[in-house]
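An overview of the molecular structure
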There are 2 protein chains.
Amino acid sequence: MASIGQRNRLQYIILGLLNQRPQTGYDLAKAFENEIGEFWQAQHSQIYPLLRRMEAAGEITHEDTVAGEKLAKKQYTLTPSGHDKLVAWVSEPSPELTPSKDEFILKLYFIKTDTDPRIQPMLREQLRLHQTQLDHLESRRKTVFSTDDAKEQAYGHYLILDHAIERERDYVAWLTKYLTD
Amino acid sequence: MASIGQRNRLQYIILGLLNQRPQTGYDLAKAFENEIGEFWQAQHSQIYPLLRRMEAAGEITHEDTVAGEKLAKKQYTLTPSGHDKLVAWVSEPSPELTPSKDEFILKLYFIKTDTDPRIQPMLREQLRLHQTQLDHLESRRKTVFSTDDAKEQAYGHYLILDHAIERERDYVAWLTKYLTD
DNA sequence: CTTAAACATGTAATTAATTACATGTTTTAA
DNA sequence: TTAAAACATGTAATTAATTACATGTTTAAG
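Residues numbered from 1 in each chain as written. Chains lettered and ligands numbered in written order. Predicted model: local features only at pLDDT ≥ 70, side-chain atom pairs only at ≥ 80, totals over all residues. Heavy atoms only, no water.

1. Digging into the packing of aromatic side chains
The tally for this structure, following the rule as stated, stands at 10 aromatic pairs over all chains. Note on A:Trp89 and B:Phe110: the rings are 6.2 Å apart at their centroids and 55° apart in plane angle, and the pair reads as tilted. A residue pair is termed interchain when its members come from two chains, as with A:Trp89 in helix α4 (residues 80-91) and B:Phe110 in the loop between α5 (103-109) and α6 (119-144). Of the two residues, A:Trp89 and B:Phe110, neither departs from the other in class, the shared state being buried. A ring pair is formed by B:Tyr12 and B:Trp89, whose centres lie 5.3 Å apart and whose planes are at 5°; its orientation type is stacked. Here the residue B:Tyr12 occupies a position in helix α1 (residues 10-20), and B:Trp89 occupies one in helix α4 (residues 80-91), the gap between them amounting to 77 residues. For the pair shown, B:Tyr12 and B:Trp89 are each scored as buried. Feature note: the residues A:Tyr12, A:Trp89, B:Tyr109 and B:Phe110 constitute an aromatic cluster, connected by ring pairs. (Phe/Tyr/Trp six-rings, centres within 6.5 Å; stacked < 30°, edge-to-face > 60°. Helix = DSSP H or I, 4+ residues; strand = E, 2+ residues; numbered from the N terminus. Buried < 20%, exposed > 50% of the residue type's maximum accessible area, 1.4 Å probe, protein only.)

2. Some words on the protein's contact with DNA strand D
Neighbouring residues of DNA strand D: 25 residues in total, closest A:Gln43, A:Ser45, A:Lys70, B:Lys73 and B:Lys74. Within 4 Å of the protein, the atoms of DNA strand D are drawn from sugar and phosphate moieties in a proportion of 68%. Taking A:Glu69, its main chain carries an N or O atom lying 2.7 Å from a phosphate oxygen of DNA strand D. At 2.5 Å from a phosphate oxygen of DNA strand D is found a side-chain nitrogen or oxygen belonging to B:Lys74. Within the residue set of the surface near DNA strand D, elements represented by two or more residues are α3 (44-56) of chain A together with α2 (25-31), α3 (44-56) and β2 (71-78) of chain B. Split into classes, the residues belonging to the surface near DNA strand D amount to six nonpolar, 11 polar and eight charged. (Near = heavy atom within 4 Å. Polar contact = N/O pair within 3.5 Å; in protein donor to acceptor, adjacent residues only side chain to side chain. Nonpolar A, V, L, I, M, F, W, Y, C, P; charged D, E, K, R; others polar.)

3. Some remarks on unusual backbone geometry
The backbone of A:Asn8 shows a phi angle near 45°, a positive value even though the residue is not glycine. On the secondary structure map, A:Asn8 appears in the segment before α1 (10-20).

4. Notes on the relation of the copies chain A and chain B
Turning chain A through 180° and shifting it by 0.0 Å along the axis lays it on chain B, with an RMSD of 0.0 Å. Here the transformation between the copies is reduced to the relation of a two-fold axis. Residues of chain A ranked by C-alpha distance from the rotation axis are headed by A:Ser100, positioned 3.1 Å from it. A share of 98% of the interface residues of chain A reappears at the interface of chain B, consistent with the copies meeting face to face through the same patch. (Least-squares fit on C-alpha atoms with pLDDT ≥ 70 in both. Contact = heavy atoms within 4.5 Å.)

Next comes the structure, spelled out in structure tokens:
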């Protein structure tokens, strides 16, 4: 048990999020709908069992609280051991060259000729999709990082948003390159 | 069984590959080490069982051949039903906005201040990694698509390589933006 | 007031994917 | 000629991840 070999990166992300502030499983799940979601995904059904295992391993602890009359909440915090583990993860090299997946590009791949009538509508559909996402990300940057101060206060958040924006921008540019109208 | 709901995109990629030419499971696994590997990954241990299931479902068939004295090979080909399924997949919309993962970006995210001494070495390490990958992809494009003819003969292959190159180029540019030396 | 959305926590079932185990043949280079 | 690399096919064990099931509370809007 606890052997090396299986990566389980989610646990490190949870450690990182809890290092920012104590949070509930629900809060953590929410984080994956916002900026983190651009670079990692997880559902609450994956998070709750993992929190249990991490607590059993002594990396986090929780405190039971009650919101309102009787809504039970578990606020999780890092233990010193969990904090050590987080620091070790950030410091270790990341030589993986993230294996990424893209179903749309593969569909294009299986279209043999550049005159196939399906190509242009497909490109347009993807352009709409990525343009929408880009607009959404840019407007979020405008509201969240309106001041230089905000940028300094949450540098990691700024970086991750900037990277997501660049990624979408570049995807849009690539699609546009092959659009003929 | 065979319900909708679970995506299983690998089967479509296999259909697409077999549509290009009849191939063995080994050949298919190899394809994921080359251009396809930039956008999808699969090991032979995932491929062989899936080929079985797809054959049972009537989407592909195989022919036993022998290489040399006694090396058994199974050449798989599409059935008409499998071909229909491939065409339907390519034609259906791809509104998923591919959930992607990036461990390195997340590590940066958990570093709070822009003066943290770990940031610059981390950026340099990633730059080296992505620059190497970019060089590799560009040299492959140079050798495989030296003529316009080659480009027309395998347009899908060209597209997928071009997209991979752009992606790496942009990643390198983004990393460089935050490097201070 | 009432109802829908958001808050909050879990488990069950299933599928996707990786790593390891297992075996044998053919080709190529030293 | 011999050893390593590539060819070729599978299964087993485990982990990661998604979808669905299941229940209850609090808040905000109409």
